[in-house]
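# Remarks on the overall topology
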Amino acid sequence: MNLIKKTNNMASITLGGNPIHTSGELPKVGSKLADFKLVKNDLSIASQSDFAGSKLVLNIFPSIDTGTCATSVRKFNASAAELDNTKVLCISRDLPFAQKRFCGAEGIENVVNLSDFKDGSFGKTNGLEIIDSVLAGLHSRAILVIDEKGTILHTEQVQEIADEPNYEAALAVL
């Protein structure tokens, strides 16, 4: 597995083999997930407290309208139906309308789509915002797994943004 290079408290990942950087590093395993406010498909606001008592898999990606991002949503949707007391949150900066359109067209019903389109605060808080390249302002591809008490159990920031995350490793900690 490729290791993420870290410089000046930011991660260096790649896009097509070319280095790009994020605004920071992922939260540490064992720390608490910072509260968030993200937009649901119906334009209401979701926060971490809405999922209290459930395990969470946060599938974070640049845009639902790319092949790898769409594949990750499909794969987690298939897994989510069989997970006990676990919600899969698919998070991007896409407009909620795009997320809803994609899931409707694909018949995806087992994940919760959440958008960080308003101010990108979720990405900034969690070190996910891409700060350079053509993807500047979007989120890097990452997975966070959270227990019922909000403690981070697993993190992965995918080295090459076009690659899929390690689904098995993320689901294994549940």
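Below: a short report on this structure. Bear in mind the structure is a predicted one, so any value in this text is a computation, not a measurement.

Conventions adopted
Residues numbered from 1 in each chain as written. Predicted model: local features only at pLDDT ≥ 70, side-chain atom pairs only at ≥ 80, totals over all residues. Heavy atoms only, no water. Helix = DSSP H or I, 4+ residues; strand = E, 2+ residues; numbered from the N terminus. Buried < 20%, exposed > 50% of the residue type's maximum accessible area, 1.4 Å probe, protein only. Contact = heavy atoms within 4.5 Å. Phe/Tyr/Trp six-rings, centres within 6.5 Å; stacked < 30°, edge-to-face > 60°. Core = buried A, V, L, I, M, F, W, Y, C linked by side-chain atoms within 4.5 Å. Salt bridge = Lys/Arg side-chain N within 4 Å of Asp/Glu carboxyl O.

For the rest of this paragraph, the subject is the side chain of N59. As for its position among the elements, N59 is in strand β6 (residues 55-60). With relative accessibility at 1%, the residue N59 sits in the buried group. Not counting the four nearest positions on each side in its chain, N59 is found in contact with S72, V73, F76, L89, C90, I91, A142 and I143.

This next bit is on the packing of aromatic side chains. Both the distance between ring centres and the angle between the ring planes are used here to describe each pair of aromatic rings. The tally for this structure, following the rule as stated, stands at two aromatic pairs. Ring centres 5.9 Å apart and planes at 90 degrees place the aromatic pair F36 and F122 in the edge-to-face group. Note that F36 is positioned in the loop between β3 (18-21) and β4 (37-39) and F122 in helix α3 (residues 121-125), a separation of 86 residues in sequence. Overall, F122 belongs to the buried group, its relative accessible area being 3%. Aromatic pair F76 and Y167: ring centres 5.2 Å apart, planes at 70 degrees, arrangement edge-to-face.

Attention shifts here to the nonpolar core. Of all hydrophobic cores here, the largest spans 19 residues; its most connected members are V73, V88, F102 and V111. Residue assignment for this core shows that the elements contributing at least two residues are α1 (67-80), β7 (86-92), α2 (96-106), β9 (142-146) and α4 (167-172). When residues of this core are assigned to their parent elements, the largest contribution, five residues, is made by α1. Once you skip the residues sitting within four places of it in the chain, F102 turns out to touch I64, A70, V73, R74 and I108.

This next bit is on the pattern of salt bridges. All told, the structure shown has three salt bridges when counted by the stated rule. Put simply, E25 and K28 hold a salt bridge, and the shortest N to O gap is 3.5 Å. A salt bridge links R74 to E106; the shortest N-O distance between them is 2.8 Å. Separated by 32 residues along the polypeptide, R74 in helix α1 and E106 in helix α2 bring together distant segments of the chain. Take E106: its relative accessible area is 37%, and that puts it in the partly exposed class.

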